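The chain contents come next:
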Amino acid sequence: MNIIWFILIAVMVLAVGFALGYFVFRYQNEKRQINLKTRSDDIIQGAHDKAQKVELDARDNALKIVKSAEEEITRRRTEQTKEEDRLNKRRAELDARFEKIDQREQALNKRQSTIDKRANEIDKLYDQEMEKLQQIAEMGKDDARQILLDEVEKEARGDMARIIRQIELEAKEEGEKRARILIADAIQRVASEHVAEVTSSVVPLPNDEMKGRIVGRNGRNIRAFEQAAGVDVIVDDTPESVTISCFDSVRREVARRALTRLTLDGRIHPAHIEKVIEDETKAVDKIIAEAGEQAAFDAGIAGLHPEVLRMMGRLRFRTSYGQNQLAHAVEVARLAGILASELGANVDLAKQGGFLHDIGKAMDHNQEGTHAQLGAEFCKRYGVNTIVVNAIASHHHEVEQESVEAVIAESADAISGARPGARREDLEAYIKRIRTLEDMATSFKGVSQSYAIQAGREVRIIVKPEEIDDLDATRLARDIAKKIEETMQYPGQIRVTVIRETRAVDYAK
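What comes next is a walk through the structure. No experiment lies behind these values; they were computed from the predicted model shown. (Residues numbered from 1 in each chain as written. Predicted model: local features only at pLDDT ≥ 70, side-chain atom pairs only at ≥ 80, totals over all residues. Heavy atoms only, no water.)

### Brief notes about the overall build of the protein
Helices and strands together make up the secondary structure of the protein, namely 15 helices and eight strands. Here the protein, with 509 residues, has 32% of them falling under the buried criterion. (Helix = DSSP H or I, 4+ residues; strand = E, 2+ residues; numbered from the N terminus. Buried < 20%, exposed > 50% of the residue type's maximum accessible area, 1.4 Å probe, protein only.)

### As for the side chain of Asp413
Along the chain, Asp413 turns up in helix α13 (residues 404–418). By relative accessible area, Asp413 is classed as buried at 8%. Sequence-distant contacts of Asp413, defined by excluding residues within four places in its chain, comprise His328, Val332, His357, Asp358, His395 and His396. (Contact = heavy atoms within 4.5 Å.)

### Considerations on the nonpolar core
The biggest cluster of nonpolar side chains holds 30 residues, and the ones touching the most others in it are Met312, Phe355, Leu356, Ile359, Phe378 and Cys379. Secondary structure elements with two or more residues in this core: α7 (270–299), α8 (306–313), α9 (325–343), α10 (347–356), α11 (371–381) and α12 (386–393). With sequence-adjacent residues up to four places away left out, Ile359 is seen in contact with Val308, Met311, Met312, Leu315, Gly375, Phe378 and Cys379. Core analysis: the next-biggest nonpolar cluster, separate from the first, contains 26 residues, Ile244, Cys246, Ile273 and Ile277 among them. (Core = buried A, V, L, I, M, F, W, Y, C linked by side-chain atoms within 4.5 Å.)

### A short note on a nonpolar patch on the surface
Taken together, the side chains of Ile4, Trp5, Leu8, Ile9 and Val13 make up a nonpolar region of the molecular surface, amounting to roughly 500 Å² of accessible area. Mapped onto the secondary structure, Ile4 falls in helix α1 (residues 2–135). Classification of Ile4 as partly exposed rests on a relative accessible area of 48%. (Patch = residues over 30% accessible without salt bridge, like charges linked within 9 Å, V, L, I, M, F, W, Y side chains within 5 Å. Areas by Shrake-Rupley, 256 points an atom, 1.4 Å probe, with all protein chains shown as cover. Salt bridge = Lys/Arg side-chain N within 4 Å of Asp/Glu carboxyl O.)

### Regarding the packing of aromatic side chains
Counted according to the given criterion, the structure contains one aromatic pair. Here the aromatic rings of Phe378 and Tyr382 are separated by 5.0 Å at their centres, their planes lie at 55°, and the arrangement is tilted. Judged by relative accessible area, which is 29%, Tyr382 ranks as partly exposed. (Phe/Tyr/Trp six-rings, centres within 6.5 Å; stacked < 30°, edge-to-face > 60°.)

### Let's talk about the layout of surface pockets
Its volume calculated, the second largest pocket comes out at about 690 Å³. Looking at the second largest pocket, it is lined by 22 residues, and the ones nearest its centre are Asp150, Glu151, Glu153, Lys154 and Glu155. For the lining of the second largest pocket, the secondary structure elements donating two or more residues are α1, α2 (141–174) and α15 (470–487). If you tally residues by element for the lining of the second largest pocket, the top one is α2, at 10 residues. For the lining of the second largest pocket, a count of residues per class yields seven nonpolar, one polar and 14 charged. (1 Å grid on protein atoms, 1.4 Å probe; cavity = no way out; pocket = protein on both sides within 12 Å on 5 of 7 lines; lining within 4 Å. Points joined across faces, edges and corners; volume = space filled by probe spheres on them. Nonpolar A, V, L, I, M, F, W, Y, C, P; charged D, E, K, R; others polar.)

### Points about the pairing of strand β6 (residues 447–453)
As paired strands, β6 and strand β7 (residues 458–463) are joined by six bridges and run antiparallel to one another. Counted as the bridge partner of Ala452 is Val459 from β7. In this structure, the hairpin formed by β6 and β7 is closed by a connection of four residues, where Gln454 is found at a positive phi of approximately 55°. (Pairing = 2+ DSSP bridges.)

### Regarding the pairing of strand β8 (residues 495–499)
Burial along β8 is one-sided: the residues Val496 and Val498 are buried and none of Arg495, Thr497 and Ile499 is. Judged from the five bridges that link them, β7 and β8 form a sheet pairing that is parallel. Bridging across to β8, Val459 finds its partner in Val496.

### Structural notes on unusual backbone geometry
In the Ramachandran plot, Asn218 falls in the positive-phi region, its phi being about 55° despite a non-glycine side chain. When you line up the elements, Asn218 lands in the loop between α4 (209–215) and α5 (220–229). Of note in this structure, His397 is not a glycine but carries a positive phi near 60°. Considering the arrangement of structural elements, one finds His397 in the loop between α12 and α13.

### Points about the pattern of salt bridges
This model, assessed by the stated rule, comprises 18 salt bridges. Among the salt bridges present, the one from Arg75 reaches Glu79, with a minimum N-O distance of 2.5 Å. In this pair, Arg75 and Glu79 both sit in helix α1, four residues apart, roughly one turn of the helix. Given a relative accessible area of 38%, Arg75 falls into the partly exposed group. Exposure remark for Glu79: the relative accessible area of 42% places this residue in the partly exposed category. Counted as one network, the salt bridges with shared partners bring together Arg257, Arg261, Lys275, Asp279 and Glu280.

### Regarding the packing of helix α6 (residues 249–265) against α7
The N-to-C vectors of α6 and α7 enclose an angle of 130°; their axes lie 9 Å apart at closest approach. The angle between α6 and α7 falls in the class oblique. Crossing handedness for the pair α6 and α7: right-handed. Every residue of α7 that contacts α6 at Val250, Glu253, Val254, Arg257, Ala258, Arg261, Leu262 and Asp265 is listed here: His272, Ile273, Val276, Ile277, Asp279, Glu280, Thr281, Ala283, Val284, Ile287 and Ile288. Looking at the contact of α6 with α7 residue by residue, the classes come out as 11 nonpolar, two polar and six charged. (Axes fitted to C-alpha atoms, helices over the stretch in contact; angles between N-to-C directions. Parallel < 35°, antiparallel > 145°, perpendicular 65-115°, else oblique. Left-handed = near helix turned anticlockwise from the far one by under 90°.)

### Notes on a negative patch on the surface
Taken together, the side chains of Asp95, Glu99, Asp102 and Glu105 make up a negatively charged region of the molecular surface. Among the secondary structure elements, Asp102 is positioned in helix α1. (Lys, Arg positive; Asp, Glu negative; His and termini not counted. Charge placed at Lys NZ, Arg CZ, Asp CG, Glu CD.)

### Structural notes on the sheet that holds β6
With respect to topology, three strands assemble into an open sheet ordered β6-β7-β8, the strand pairing being mixed. Two strands lie at the open edges of the sheet, namely β6 and β8, each paired on one side alone. The sheet shows a mean angle of 20° between the axes of neighbouring strands, direction not considered.

### Considerations on the packing of α5 against α7
Packing of α5 against α7 brings their axes to within 9 Å, and their N-to-C directions diverge by 25°. As summarised for this structure, α5 and α7 are arranged roughly parallel, according to the angle between their axes. In this structure, α5 meets α7 at a crossing whose hand is right-handed. Taking contact as the criterion, the partners of Asn221, Ala224, Phe225, Ala228 and Ala229 in α5 are, on α7, Pro270, Ile273, Glu274 and Ile277.

Encoded structure:
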């Protein structure tokens, strides 16, 4: 009995367990289906959202592409409109230009007809004049010949002025074909030589009593100083200073330094004077060597012999019209390098020629000959390039120039010396040059007045219109310029301007 109940209970428990398991399984299955449905809905919704986003992005991209295309079309239409406007404007300008050309051609034809008519009238008048000359029985053969010669000369002068003008126009039209030659020739025309020197130096003294000590008893100190230094010492009434005079700039510098040292030291007697001068000579020699090397470095030149550099260093103590010659040499070297690079020449040789062109000025008081010849011979002895030697020898046309580098060196020398502010001249020489320039221009026939302006760099000439016609004015300007070149020395170039003015005056009554 108990077993039966136990079996029933077990069956019931199993049935309940099966029922519960079924319901649990069914619940889990429904829940799983609900979750799967939810996930599928989420996936579908996400895919839908992505599809919408992709669609929106595609629409945006499509709109951007359409907008960009419309902007490009608008831009091209605008450019096309501008191009059409420009072409229309160009077409209108061309039409106007063609119209002006037609009008000018018609005017030229009329003018040519008038000129031909006047030429025929002139020929007739000339024939009539010749007939009258032949009919005048009282006129001698020599008088008739002189009148004919005057007429021929007048015509020849007119033809000469026209030919000169035509040649100048042809030279301008050639332009780039002869650019190098024209530039070099035009620049070298301003070349001029200046040899003015500063031949004295002033040494300040602590007091006027020092002058007596410099002179010494019976003048023995000053004589010893002048003999040892090779200078002249001028002791005058100038307060607290003495003057040292010498044509040799190096000796003058040695004497100046030595006398300054003696006045500061106070021991002035012949033995000490000789020692101080010897010491200062060595010091100046060292300064000269260093100055030559520094100048070559500043000019960008290498490979020169030490003796050449030492000789160049002597130019530190030489001036021309107030321009230091060593600084002038460096400036000429730089200018020559620039010109050579522009003209396609050898830059190194041009710079060497410009740097060494005035080296002879450091020795021209010791030897006979011009500074160009002396400098060329000196550089040749120390192995300087033959082209550079020729540039040195020919920069004042004492020998023929054999290369474009020689022309460039001469031109750079002229530019450095003629640029504004480079050199100065005393007032007396300046006034004399200005007066000479005006008097020279006034001496020509037909000149009414002449004025030198721009510090003598231009001369303006007013001619008498009844004596000088337009063709004669061209000839007169050329003749005056040629005479100035032949008879005067001047820095730079002088512009000659001839002014011919005709005034017609009448009165209304």
